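Residues per chain, in single letters:
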Amino acid sequence: MRIGILGAGGMADALGTQWVRAGHEVLVSGRDPAKARALAARIGFGAYAGSWAEAAGFGEVVLLAVRAHAVPEVLAAAGDLTGRTLIDCTNAVVPGAFTLATAGGPGTAERIARQRPGAHVVKAFNLNHVDIWRMRPPAFGGAPLGVPVCGDDPAALALARTLITDIGCTPVDGGPLERAGLLEATAAFVIGVWAGGADVRGMFPPADPGRLPDAAPQTAPGSR
Ligand SMILES: NC(=O)c1ccc[n+]([C@@H]2O[C@H](COP(=O)([O-])OP(=O)(O)OC[C@H]3O[C@@H](n4cnc5c(N)ncnc54)[C@H](OP(=O)(O)O)[C@@H]3O)[C@@H](O)[C@H]2O)c1
């Protein structure tokens, strides 16, 4: 698969390296062409560098991996994304506050989808630290990392799932794109907990599906 990457920072490096190792081709881009070229050279055979627009036009999948505040500017420079699968891994987390800059409105992925109705937006890869994405494979206690994916287009979701599987992880159906905001809020919350020194892993033990709220017997309002 050919994957254009909007960004030449840590996430572009981590995921671009994994995907090239898995046999894909990537074209990385950034505001500093020399930095993008250096990243492509570091990733090696199968990696190229170019402009934002060249990354957008490179392949069927485009990974958006820039700082959240730069998303509108970078997408404007990227140009036409019609028919592309646009994987958004950004987190609009307010530094120090660990809230979302998008709070009170649609999340980043939904905003992008509204502004770019021709692109097939998928939210993925935003929940884990860049160092996790560098692991070969990202796995814990022998179990592959589960990667939630939110999106509306079946073909785009299938491509995202392939790219998740190809780096040794397990795709997790996160529902339609309207749920991507929950994924973004989860990232802000988890990053805040993690920055506070707590171990997030101990917070989410598995529950018996039969005892989840949706599975509970329906009770008439006011009858409790
Ligand atoms: N780091 C993580 O652990 C992690 C994990 C999951 C998701 N994410 C999300 O993934 C995205 C990328 O993270 P990262 O770790 O790769 O960040 P990074 O290493 O700081 O790289 C960010 C990229 O955005 C570019 N950029 C920043 N400001 C820009 C601007 N005003 N105009 C154009 N380009 C700009 C940077 O260009 P320069 O190199 O020229 O500054 C760089 O190419 C972020 O939204 C982040 O929230 C990060």
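In every chain, residue numbers begin from 1 and rise along the written sequence. With pLDDT at 70 or above as the cut-off, local features in this predicted model cover only qualifying residues; side-chain atom pairs require 80 or more to be listed or tallied, and sums for whole chains, interfaces and linings still use all residues. Computation of side-chain values covers all heavy atoms of the structure but excludes hydrogens and water.

Going by what an unreviewed UniProt entry lists, the protein is known as Pyrroline-5-carboxylate reductase catalytic N-terminal domain-containing protein and is assigned to Streptomyces harbinensis.

Asker: How should I be thinking about the site of the ligand in this particular structure?
Answerer: Taken together, 24 residues are adjacent to the ligand, and Met11, Lys35, Val66, Arg67 and Val130 come closest. Each polar contact in these results corresponds to two N or O atoms within 3.5 Å; when the atoms are within protein, one needs to be able to donate a hydrogen and the other to accept it, and residues that are neighboring in sequence are counted only if both atoms are side-chain atoms. In this structure, an oxygen atom belonging to the ligand sits 2.9 Å away from a side-chain N or O atom of Arg67. Contact distances for the ligand include 2.8 Å between an oxygen atom and a backbone N or O atom of Val130. For the ligand, the accessible surface in isolation is 890 Å², of which the surrounding protein chains cover 82%. When contributions to the shell around the ligand are tallied by element, the ones reaching two or more residues are helix H1 (10-21) and helix H4 (71-78). Charged means Asp, Glu, Lys or Arg here, nonpolar means Ala, Val, Leu, Ile, Met, Phe, Trp, Tyr, Cys or Pro, and polar covers whatever is left, Gly included. In terms of residue class, the shell around the ligand is built from 11 nonpolar, 9 polar and 4 charged. Throughout, near means a residue has at least one heavy atom within 4 Å of the molecule or strand. The Shrake-Rupley method, run with a 1.4 Å probe sphere, supplies the accessible areas, and residue values consider only the shown protein chains as cover. Helix and strand definitions follow DSSP, with helices as H or I runs of at least four residues and strands as E runs of at least two, each counted in order from the N terminus.

Asker: Please clarify how the UniProt feature "domain: Pyrroline-5-carboxylate reductase catalytic N-terminal" (unreviewed entry) in the protein should be interpreted in this entry.
Answerer: According to UniProt, the "domain: Pyrroline-5-carboxylate reductase catalytic N-terminal" (unreviewed entry) feature falls on residues 2-91. In residues 2-91, helix accounts for 42% and strand for 24%; the two terminal C-alpha atoms are 24 Å from one another. UniProt positions are given in the numbering used here, feature names are shortened, and annotations may be inferred rather than shown by experiment.

Asker: What am I meant to see in the side chain of His24 here?
Answerer: Mapped onto the secondary structure, His24 falls in the loop between H1 and strand E2 (25-29). Per-residue accessibility, obtained with a 1.4 Å probe over protein chains only, is compared with the maximum for each type, and a residue is labelled buried under 20%, exposed over 50%, and partly exposed between these values. A relative accessible area of 9% means that His24 is categorised as buried. Separated by 3.0 Å, the side chain of His24 and the backbone nitrogen of Met1 make a polar contact. The contact criterion used is simple: two residues touch if any of their non-hydrogen atoms lie within 4.5 Å. If near-sequence neighbours (up to four positions away) are discounted, His24 is found in contact with Met1, Ile3, Trp19, Gly46, Leu163 and Asp166.

Asker: Teacher, can you tell me more about the packing of aromatic side chains here?
Answerer: Between rings of Phe, Tyr and Trp, where Trp is taken as its six-membered ring, a pair exists when centres lie within 6.5 Å; planes separated by under 30 degrees are stacked, by over 60 edge-to-face, and by other angles tilted. If you walk through the whole model with that rule in mind, you get 3 aromatic pairs. Measuring from ring centre to ring centre gives 5.7 Å for Trp19 and Phe125, while their planes differ by 75°; the resulting arrangement is edge-to-face. Note that Trp19 is positioned in helix H1 and Phe125 in the loop between strand E6 (120-123) and helix H6 (130-133), a separation of 106 residues in sequence. Assessed through its relative accessible area of 1%, Phe125 is described here as buried.

Asker: For this particular structure, what's the right way to read the nonpolar core?
Answerer: Most often, soluble globular proteins have nonpolar side chains that are buried together. Side-chain atoms within 4.5 Å are what join buried Ala, Val, Leu, Ile, Met, Phe, Trp, Tyr and Cys residues into a set we call a nonpolar core. Counting residues in each nonpolar core, the largest one holds 38 residues, and the members touching the most others are Trp19, Val26, Ile87, Phe125 and Trp133. For this core, the elements supplying multiple residues, two or more each, are strand E1 (2-6), H1, E2, helix H2 (33-43), strand E4 (61-64), H6, strand E9 (146-151) and helix H7 (154-165). Contact partners of Trp19, with chain neighbours within four places excluded, come to Ile3, Ile5, His24, Val26, Leu63, Phe125, Leu163 and Ile167.

Asker: Quick question: what am I supposed to make of the pairing of strand E3 (residues 47-50) here?
Answerer: Where E2 lies against E3, 4 bridges are found, and the strand directions are parallel. Within E3, the residue paired with Ser29 across the bridge is Gly50. For the handedness criterion, the β-α-β arrangement of E2, H2 and E3 is classed as right-handed. Note: two strands are recorded as paired if DSSP finds a minimum of 2 bridges between them. Viewed with both strands pointing away, a crossover whose connecting path from the first strand over the helix to the second turns clockwise is right-handed.

Asker: Got a minute to help me understand the pairing of strand E5 (residues 85-88) in this structure?
Answerer: Looking along a regular strand, one sees side chains alternate from face to face of the sheet. Residues of E5 alternate between two faces, with Thr85 and Ile87 on one and Leu86 and Asp88 on the opposite face, all of them buried. Relative to E5, E4 runs parallel, the two being bridged by 4 bridges. Within E5, the residue paired with Leu64 across the bridge is Asp88. Since E4 and E5 lie parallel, the crossover through H4 that links them has a hand, and here it is right-handed. As defined by bridge partners, E5 adjoins E6 across 4 bridges and the pair is classed as parallel. From the neighbouring strand, Leu86 faces E6, where its bridge partner is Val121. Handedness of the β-α-β unit built from E5, helix H5 (residues 108-115) and E6 comes out right-handed.

Asker: Explanation requested: H5 in the structure shown.
Answerer: Think of an α-helix as 3.6 residues a turn; residues three or four steps apart then line up on the same face. Buried residues of H5: Thr108, Ala109 and Ile112, and no others. Seen along its axis, H5 keeps its buried residues to an arc of 100°; they face one direction. Looking at the packing, one finds that the buried side of H5 touches E4, H4, E5, E6 and helix H8 (180-195). The directions from the helix axis to the C-beta atoms are what the arc is built from.

Asker: How should unusual backbone geometry be read in this particular structure?
Answerer: One can expect most non-glycine residues to show negative phi and most peptide bonds to be in trans. For the bond from Arg136 to Pro137, the omega torsion is -5°, close enough to zero to count as cis. One can find Pro137 in the loop between H6 and strand E7 (139-140). Phi is positive for Phe98, close to 55°, though the residue is something other than glycine. With respect to the helices and strands, the residue Phe98 is situated in the loop between E5 and H5. Of note in the backbone geometry, Phe125 takes a positive phi value of approximately 70° without being a glycine.

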